[in-house]
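# Coordinates in review
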Amino acid sequence: MRSVMVQIPNTPTSADVARLAGVSRATVSYVLNNTDAVRISEPTRRRVHEAARELGYVPHAAARSLRAGHSRTVLMPAPAIPVGPLYSAFLNEVQGALGRLDYTVVQYGSVGLQSDDAARAWAELRPVAVLVPGTGIGPRGVDILKRSGARAVVTLGPERVEGAHALLMDHDAVGRCAAAHLYERGRRRIGVVVPEAPGLEIYSRARLAGARQAVRGTEASVLGVPLAYTERAAAELAADWPELDAVFAYNDEYAMLLMRALQDAGRRIPEDVAVIGADDLMLGRLLRPRLSTVRIELPSGRGLAALIDRAVRDPGGEPEVHRVLGSSVVRREST
């Protein structure tokens with residue numbers, strides 16, 4: 001049988017980079033690991049990076065973790081609920097900011113896993129930090145992650161979790177803004193869409209409660225209106241529309257769905273029913289009538305990345321709690 005010789009290319013090492021750049025291996029390590037403790041001149045940094053690019057050298061993540069005593073991986077579990085363009089853009093900003101701080105961001109698909117089981121699955125990857133959207137973890141899960149070496153656990157949702165840093169998102173305020181606007185426009189029978197999609201309850205309940213707070217003590221009433229995100233469900237609701245003269249449709253996507261169904265059913269907007277959404281998506285501005293909405297200001301992605309970096313550097317520090325999610329009404333033709 002004829003044999004074929006296969007030449008396997010040598011994997012470049014930090015020693016190869018050091019020889020090509022004319023520096024020590026320690027200098028290569030300092031430069032490529034962005035070490036601040038040692039001062040390296042800018043020309044030297046450029047030579048090291050150019051040599052690494054020329055050789056195709058990539059630092060070994062596991063070896064770097066061993067030297068540092070922890071990884072540089074930030075785990076971001078994929079949300080178990082539908083997320084819109086606003087939240088997606090925020091996550092992209094967070095990932096970019098963490099990358100500039102020399103962290104590797106990994107998104108983890110953990111659909112079907114809950115609380116402690118999810119935390120164990122995340123802990124197997126030994127991340128240095130975990131950013132948890134919603135309410136996917138409890139105090140025990142935070143402890144599991146910390147015991148596995150996570151230096152920072154940050155939750156992003158309406159409730160604080162013991163032991164974790166928290167960005168508290170005030171969804172009540174979104175509902176208050178929407179209902180107060182509708183009340184100011186003379187509407188007294190206000191509906192609030194409650195999406196039937198699993199996982200959204202913690203947000204929709206808060207928005208409904210906020211709407212009720214806004215009109216408490218007045219002659220106005222607020223009714224929760226369940227709705228699945230389908231054309232059929234919207235058409236059925238529009239055909240059997242309750243005695244409401246306004247609706248806060250949870251967000252712009254539900255608002256657009258419901259507006260079209262109401263118009264198809266012969267109801268005029270805003271004359272018969274005023275409609276307001278949330279998120280201020282561009283598509284809402286393209287509708288006729290243009291959609292009124294609650295503009296939501298998510299926290300800064302750079303600020304969240306800085307919080308994670310602070311927590312990694314000082315894992316024994318007191319958990320930080322920040323209230324975020326600014327809300328303001330954008331008045332357009334639909335109300």
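To start, this report covers the structure provided alongside it. (Residues numbered from 1 in each chain as written. Predicted model: local features only at pLDDT ≥ 70, side-chain atom pairs only at ≥ 80, totals over all residues. Heavy atoms only, no water.)

## Examining the overall build of the protein
Check the secondary structure of the protein and you find 13 helices and twelve strands. Within the protein, contacts between residues at least 6 apart in sequence are counted, and of these 70% link residues at least 24 apart. About 17600 Å² of surface is accessible on the protein, with carbon and sulfur atoms providing 50% of the total. (Helix = DSSP H or I, 4+ residues; strand = E, 2+ residues; numbered from the N terminus. Contact = heavy atoms within 4.5 Å. Areas by Shrake-Rupley, 256 points an atom, 1.4 Å probe, with all protein chains shown as cover.)

## Quick notes on the sheet that holds strand S4 (residues 152–157)
Overall, parallel pairing links the six strands, which are arranged S2-S1-S3-S4-S5-S11 in an open sheet. The open sheet has two edge strands with one neighbour each: strand S2 (104–108) and strand S11 (321–324). With direction set aside, neighbouring strand axes in the sheet form an average angle of 15°. When strand S1 (residues 73–77) meets S2, the two strands line up parallel, connected through five bridges. (Pairing = 2+ DSSP bridges. Axes fitted to C-alpha atoms, helices over the stretch in contact; angles between N-to-C directions.)

## What about the nonpolar core?
Ranked by size, the top nonpolar core spans 44 residues in total, and within it Phe-248, Leu-304 and Ile-308 carry the most contacts. The contacts of Phe-248, once residues within four sequence positions are left out, are Val-174, Gly-175, Ala-178, Leu-182, Gly-191, Val-192, Val-193, Arg-207, Ile-276, Gly-277 and Ala-278. (Core = buried A, V, L, I, M, F, W, Y, C linked by side-chain atoms within 4.5 Å. Buried < 20%, exposed > 50% of the residue type's maximum accessible area, 1.4 Å probe, protein only.)

## A closer look at the sheet that holds strand S8 (residues 246–248)
Read from one edge of the open sheet, six strands run S7-S6-S8-S9-S10-S12, paired in mixed fashion. Strands at the two margins of the open sheet, each flanked by one partner only, are strand S7 (221–227) and strand S12 (326–330). On average, each strand axis in the sheet is inclined to that of its neighbour by 20°, with strand direction left out of account. As judged from the three bridges shared by strand S9 (residues 274–278) and strand S10 (residues 292–297), these two strands associate in the parallel manner. The partner of Gly-277 across the bridge, within S10, is Thr-293. Sheet strands touched by helix H11 (residues 252–264): strand S6 (189–195), S7, S8, S9 and S10. Its angle to S9, the strand with the most contacts, is close to 155°.

## What about the packing of helix H8 (residues 171–184) against helix H9 (residues 201–215)?
Where H8 meets H9, the closest approach of the two axes is 6 Å, and the angle between their N-to-C directions is 40°. Classified by the angle between their axes, H8 and H9 sit oblique to one another. By crossing handedness, the relation of H8 to H9 is classed as right-handed. On H9, the residues that touch His-171, Asp-172, Val-174, Gly-175, Arg-176, Ala-179, Ala-180 and Tyr-183 of H8 are Tyr-203, Ala-206, Arg-207, Ala-209, Gly-210, Ala-211, Gln-213, Ala-214 and Val-215. (Parallel < 35°, antiparallel > 145°, perpendicular 65-115°, else oblique. Left-handed = near helix turned anticlockwise from the far one by under 90°.)

## Overview of the packing of helix H6 (residues 115–123) against helix H7 (residues 139–147)
Relative orientation and spacing of two packed helices are given, respectively, by the angle between their axes and the distance between those axes. Closest axis-to-axis distance for the H6/H7 pair is 8 Å, and the angle between their directions is 15°. By the criterion of interaxial angle, the relationship of H6 to H7 is roughly parallel. Crossing hand, H6 versus H7: right-handed. Contact residues: Asp-116, Ala-119, Arg-120, Trp-122 and Ala-123 in H6; Arg-140, Gly-141, Ile-144 and Leu-145 in H7.

## So, the side chain of Asp-280
Its place among the elements puts Asp-280 in the loop between S9 and helix H12 (282–286). Given the relative accessible area of 10%, Asp-280 is considered buried. Side chain to side chain, Asp-280 and Arg-295 meet in a polar contact 3.0 Å long. Ignoring anything within four residues of it in the chain, the contact list for Asp-280 reads Asp-252, Arg-285, Thr-293, Val-294, Arg-295, Val-330 and Arg-332. (Polar contact = N/O pair within 3.5 Å; in protein donor to acceptor, adjacent residues only side chain to side chain.)

## A closer look at the pairing of S10
Sheet faces and side chains relate simply in a regular strand, where the side chains alternate between the two faces. Sheet topology note: the S10/S12 ladder contains five bridges and is antiparallel. Its bridge partner lying in S12, Ile-296 is registered against Ser-327.

## What to know about the side chain of Ser-14
Looking at where Ser-14 falls in the secondary structure, it is placed in helix H1 (residues 14–21). A residue is classified by how much of its surface remains accessible, and Ser-14, at 14% relative accessible area, is buried. A polar contact is formed between the side chain of Ser-14 and the side chain of Arg-25, at a distance of 3.1 Å. With sequence-adjacent residues up to four places away left out, Ser-14 is seen in contact with Arg-25, Val-28 and Tyr-57.

## Thoughts on the environment of Arg-331
As for its placement among the helices and strands, Arg-331 is situated in the segment after S12. Sequence spacing of Arg-331 and Arg-290 is 41 residues, and the spatial spacing of their C-alpha atoms is 9.3 Å. The residues contacting Arg-331, other than those within four sequence positions of it, are His-181, Glu-184 and Ser-292.

## Some thoughts on H1
Within H1 the residues assigned to the buried category are Ser-14, Ala-15, Val-17, Ala-18 and Ala-21. The buried side chains of H1 occupy one side of the element, clustering within an arc of 160° when seen end-on. Phi turns positive, to about 75°, at Gly-22, one or two residues after H1. (Arc of directions from axis to C-beta.)

This is a description of form; function is not addressed.
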